[in-house]
Structures are given as C-alpha cells and as structure tokens.
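Residue-level structure breakdown
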Amino acid sequence: MATSNPLLRYAESRKNLAGCVGGLAGVGIALTGAAGGLWPLVIAGLYGAGALIAPPERPDTPDFPDAGEQLGALRADFTTLRAYLAEVELPEATRERLTALDTLVGALLEPGSVSDPEHLHVLARAVRQDIPEAVDTFVRTRWWSRFAPGTEPPETHLERQLAALHKEATAIATALWEAEAIRQEIITRYVEGRGDGGYAPAPGA
C-alpha cells in the first residue's frame, strides 16, 4: 500500500530492497574476514551499488471507474434530470418529443446495455449537459419572447435540439442491436454446426 511518509516509502522501495541485498552480501564478506578493517566501507559500498542498479519505481496505475461504475453514476444523474424535467412546463408537442428521448435514453442506461466508452461519453454528455442546457435555455428564452412578439417560437429550437439528441441516441441503439444480431448469428451457426456432427468452435473461442 502506498504511503505518504517519505521514509516508509523509501523503506518499501526497490532501491532499498536491492541495497539491502547488496549490504547482506557485504556482511557475508566481512564475516569471512576478506574485507579486513574496511568491512564497514564494503557493506556500505555494496548497499549503494545495489541501490544504484535497482530499477526505478513505477507510479501506481490510476484507478479509474469501470464501465459498470460509470453507468451506475450516470443512471443516478439521469434520475435527477428526470425529476427536473417533470417540473418544467412545456408545450404538448415538445413534451412528447422530450418523452420519446427520455424513454430511449432510459432504455440505453439499463444495467448491462452500454459498455462502449464512446457510447457512455455520448450519453453522459446528453444527460449532464445537452438536455438540461437545451431545456433551461428554452425556459429562459420563452420568458423573454413575451416582450418580442412575432419572433420564431423558442420551442422550435428546442424541438430541433431534441430531435438531434434523439438521433444520436438512436445511433447507439442501432449499434447495440447490430452487435447483438451478429452475436445471435454466431451462436446459431455454432449450434447448427454442432448438431450436424461437425466441429464448430464455441462462440468467442
């Protein structure tokens, strides 16, 4: 386990361990009498030599959350987003488009659905940035549009934004479906090949 104490950290280091091995060799030489009165220098020298030739320390690999942990955190954020969206007043047509996007994203965030880092990134961006930002901007713009009659309705932009986000989510769903279809076909070939008496490698082998 890594420690912040520099003395303990050096005591556990490769250089100190290699130096100790060299020092023990020096003790062995001193016990034979071959070093004579210079035995302290021999032990210190061999310790230093061992410490010098030891490989450098490698920093600990960063412990990043895996796909399952990322998905769990994203699901929690999506629950928070849903609670916010439920309180926002939207036109019926816009609400229907938002509901369709909400349903699709919710399905993609089901446990075991998405594991590809790029897909997780797209969904995280949608949940944590794109959807709340689009809706919040609509709410703000709609209030100011009351003072500028005749301008383009703010819900038009929101619907276009939601349509683009739905397209991104649909692309992920399509990729997942295609991957499962390929997997199903592989299993079918394996089972049929086994039934015919021929050798067929197990899926994933």
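Read on for a plain summary of the structure. (Residues numbered from 1 in each chain as written. Predicted model: local features only at pLDDT ≥ 70, side-chain atom pairs only at ≥ 80, totals over all residues. Heavy atoms only, no water.)

On to the overall build of the chain. The number of helices and strands found in the chain is seven helices and zero strands. Taken from the N to the C terminus, the helices and strands of the chain come in the order α-α-α-α-α-α-α. For the chain, with 205 residues in total, the buried portion stands at 24%. Considering only residue pairs separated by 6 or more positions, the chain has 70% of its internal contacts joining residues 24 or more positions apart. A total of about 14,100 Å² of accessible surface is found on the chain, and carbon and sulfur atoms cover 61% of it. (Helix = DSSP H or I, 4+ residues; strand = E, 2+ residues; numbered from the N terminus. Buried < 20%, exposed > 50% of the residue type's maximum accessible area, 1.4 Å probe, protein only. Contact = heavy atoms within 4.5 Å. Areas by Shrake-Rupley, 256 points an atom, 1.4 Å probe, with all protein chains shown as cover.)

The next thing to look at is empty space enclosed by the protein. Enumeration over the complete set of coordinates arrives at one cavity of 30 Å³ or more. Space inside the largest cavity adds up to approximately 40 Å³. As for the largest cavity, its lining consists of Val105, Val122, Leu123, Ala126, Leu165, Glu168 and Ala169. At the level of secondary structure, the elements contributing two or more residues to the lining of the largest cavity comprise helix H6 (117-145) and helix H7 (154-195). Split into classes, the residues belonging to the lining of the largest cavity amount to six nonpolar, no polar and one charged. (1 Å grid on protein atoms, 1.4 Å probe; cavity = no way out; pocket = protein on both sides within 12 Å on 5 of 7 lines; lining within 4 Å. Points joined across faces, edges and corners; volume = space filled by probe spheres on them. Nonpolar A, V, L, I, M, F, W, Y, C, P; charged D, E, K, R; others polar.)

Here the structure, examined in full by the defined rule, presents eight salt bridges. Arg75 is the salt-bridge partner of Glu110, the closest N and O atoms lying 4.0 Å from each other. Of this pair, Glu110 sits in the loop between helix H5 (92-108) and H6 while Arg75 sits in helix H4 (residues 67-87), placing them 35 residues apart in sequence. For Glu110, a relative accessible area of 41% corresponds to the partly exposed category. Taken together, the shared-partner salt bridges connect Arg125, Asp130 and Glu168 into one network. (Salt bridge = Lys/Arg side-chain N within 4 Å of Asp/Glu carboxyl O.)

Let us look at the nonpolar core. Among the nonpolar cores identified, the biggest contains 29 residues, and Leu109 and Ile131 are the most heavily contacted of them. Residue assignment for this core shows that the elements contributing at least two residues are H4, H5, H6 and H7. The element best represented in this core is H6, accounting for 10 residues. If we skip the residues at most four places from it in the chain, Leu109 touches Leu71, Leu74, Arg75, Phe78, Leu123 and Val127. (Core = buried A, V, L, I, M, F, W, Y, C linked by side-chain atoms within 4.5 Å.)

An ideal rise of 1.5 Å per residue puts 24 Å on 17 residues; H5 measures up with 24 Å between its terminal C-alpha atoms. Taken residue by residue, H5 has Thr94, Leu98, Leu101, Asp102, Leu104, Val105, Gly106 and Leu108 as its buried positions. (Expected span 1.5 Å × (residues − 1).)

Right, let's get into the side chain of Thr94. The topology assignment puts Thr94 in helix H5. A distance of 2.9 Å separates polar atoms of two side chains, one belonging to Thr94 and the other to Glu159. If we skip the residues at most four places from it in the chain, Thr94 touches Glu155, Leu158, Glu159 and Leu162. (Polar contact = N/O pair within 3.5 Å; in protein donor to acceptor, adjacent residues only side chain to side chain.)

Our focus in this paragraph is the environment of Val139. Tracing the backbone through its elements, the reader meets Val139 in helix H6. According to the relative accessible area criterion, Val139 is partly exposed, its value standing at 31%. For the pair Val139 and Leu90, spaced 49 residues apart in the sequence, the C-alpha separation amounts to 8.5 Å.

So yeah, pure geometry; function would need other evidence.
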